[in-house]
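Architecture and fold: a report
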Amino acid sequence: MQTIPAFANHLPVRIRFGDGVAGELGAIVAGHGARNVAVIIDAGLEDANAGVAAAVAAIGAGVTRHVKEPGEPTHAAVDAAADAIRDVRAQAVIAIGGGSVLDTAKAARLCVQR
């Protein structure tokens, strides 16, 4: 049996809940100096992306959306999200939806090592 060698990664995560929090994203992204943002969003919530995209675009950052299909995270879902983050050289990752999309985004970010 092959084991995974020990490693460390600091994965700061800020989770916001509630009506109107999407409007705060521009300021949060700007505070981190991010110019490229990947939005990982649950399928079916694509309309929610409009508010996120507007808030982030208002600070001049580029926004790329990746839709995560329903269900628990899989290796394929994490790999696809990691590819999306890597392809746009995202400096910030925003996840919209339930726990599985949050887990997928966190794992994908870890795979990209940004």
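Sequence positions are assigned chain by chain, starting from 1 and proceeding in written order. Only residues with pLDDT of 70 or above have their local features reported here, since the model is predicted, and side-chain atom pairs are shown and tallied only from 80 upward, although totals for entire chains, interfaces and linings are computed over all residues. The basis for every side-chain value is the complete set of heavy atoms in the structure, and neither hydrogens nor water enter the calculation.

Turning our attention to the overall build of the chain. When you go through the chain residue by residue, the secondary structure sums to four helices and three strands. Beginning at the N terminus, the succession of helices and strands in the chain can be written as α-β-α-β-α-β-α. For this measure, only C-alpha atoms enter the radius of gyration; the expected value for a globule follows 2.2 Å times N^0.38, where N is the number of residues. In terms of overall size, the chain behaves like a compact globule, its C-alpha atoms giving a radius of gyration of 14 Å where 114 residues would be expected to give roughly 13 Å. Relative to its full complement of 114 residues, the chain shows a buried share of 30%. In the chain, once contacts between residues fewer than 6 apart in sequence are set aside, the share between residues at least 24 apart is 82%. The Shrake-Rupley method, run with a 1.4 Å probe, gives the accessible areas here. Residue values count only the displayed protein chains as cover. Roughly 7,000 Å² of accessible area belongs to the chain as shown, and the carbon and sulfur atoms make up 54% of that amount. For the chain, the distance from the average site of its 10 positive side-chain charges to the average site of its 11 negative ones is 11 Å. Each helix is a run of DSSP H or I of at least 4 residues and each strand a run of E of at least 2, with the numbering of both proceeding from the N terminus. Accessible area is worked out with a 1.4 Å probe on protein chains only. A residue is then buried under 20% of its type maximum, exposed over 50%, and partly exposed in between. By definition in these notes, contact holds between two residues if any of their heavy atoms fall within 4.5 Å. Within this scheme the basic residues Lys and Arg register as positive and the acidic residues Asp and Glu register as negative, but His and the chain ends are omitted. Note on charges: their place is set at NZ of Lys, CZ of Arg, CG of Asp or CD of Glu.

Let us now look at unusual backbone geometry. Positive phi outside glycine occurs at Arg 89, with the angle close to 55 degrees. Within the secondary structure layout, Arg 89 lies in the loop between helix 3 (75–87) and strand 3 (92–96). For Arg 89, a relative accessible area of 58% translates into the label exposed.

Another aspect to go through is the pairing of strand 3. Side chains of strand 3 alternate between two faces, with Ala 92, Ile 94 and Ile 96 buried and Val 93 and Ala 95 left unburied. For two strands to be treated as a pair, DSSP must find at least two bridges joining them. Two strands pair when backbone bridges link them, and strand 1 (residues 36–42) and strand 3 are joined in this way by five bridges, in the parallel orientation. Residue pairing for strand 3: Val 37 is matched across the bridge by Ala 92.

A word on the environment of Ser 100. With respect to the helices and strands, Ser 100 occurs in helix 4 (residues 99–112). Non-local contacts of Ser 100, meaning those with residues more than four positions away in its chain, are made with Asp 42, Lys 68, Gly 71, Glu 72 and Pro 73. In protein, a polar contact means a hydrogen-donor-capable atom and an acceptor-capable atom, both N or O and within 3.5 Å, with residues adjacent in sequence counting only if both atoms are side-chain atoms; elsewhere, any N or O pair within 3.5 Å suffices. Polar side-chain contacts of Ser 100 include one of 3.2 Å to the backbone oxygen of Gly 71.

Before going further, it helps to spend a moment on the pairing of strand 1. By the criterion of burial, strand 1 is predominantly enclosed, with six of the seven residues buried. Here seven bridges tie strand 1 to strand 2 (residues 62–68), and the two strands are oriented parallel to one another. In the strand pairing of strand 2, Asp 42 is matched with Lys 68.

Bringing the confidence of the model for the chain into the picture now. Low pLDDT means the predicted coordinates in that region are not meant to be read closely. pLDDT is a per-residue confidence score from the predictor, ranging from 0 to 100. Counting all residues, the mean pLDDT for the chain is 86, and 91% of those residues have values of 70 or more. Model confidence for the chain, summarised as mean pLDDT per element, is weakest for helix 2 (residues 49–57) at 79 and strongest for helix 3 at 96.

What follows deals with the sheet that holds strand 3. Strand order in the open sheet formed by three strands is 2-1-3, and the pairing between neighbours is parallel. Bordering the open sheet on either side are strand 2 and strand 3, each of which pairs with just one other strand. With direction set aside, neighbouring strand axes in the sheet form an average angle of 20 degrees. Note on geometry: axes are C-alpha line fits, over the in-contact stretch for helices, and angles between N-to-C directions span 0 to 180 degrees. Helix 4 rests against strand 1, strand 2 and strand 3 of the sheet, and its axis sits at about 160 degrees to strand 3.

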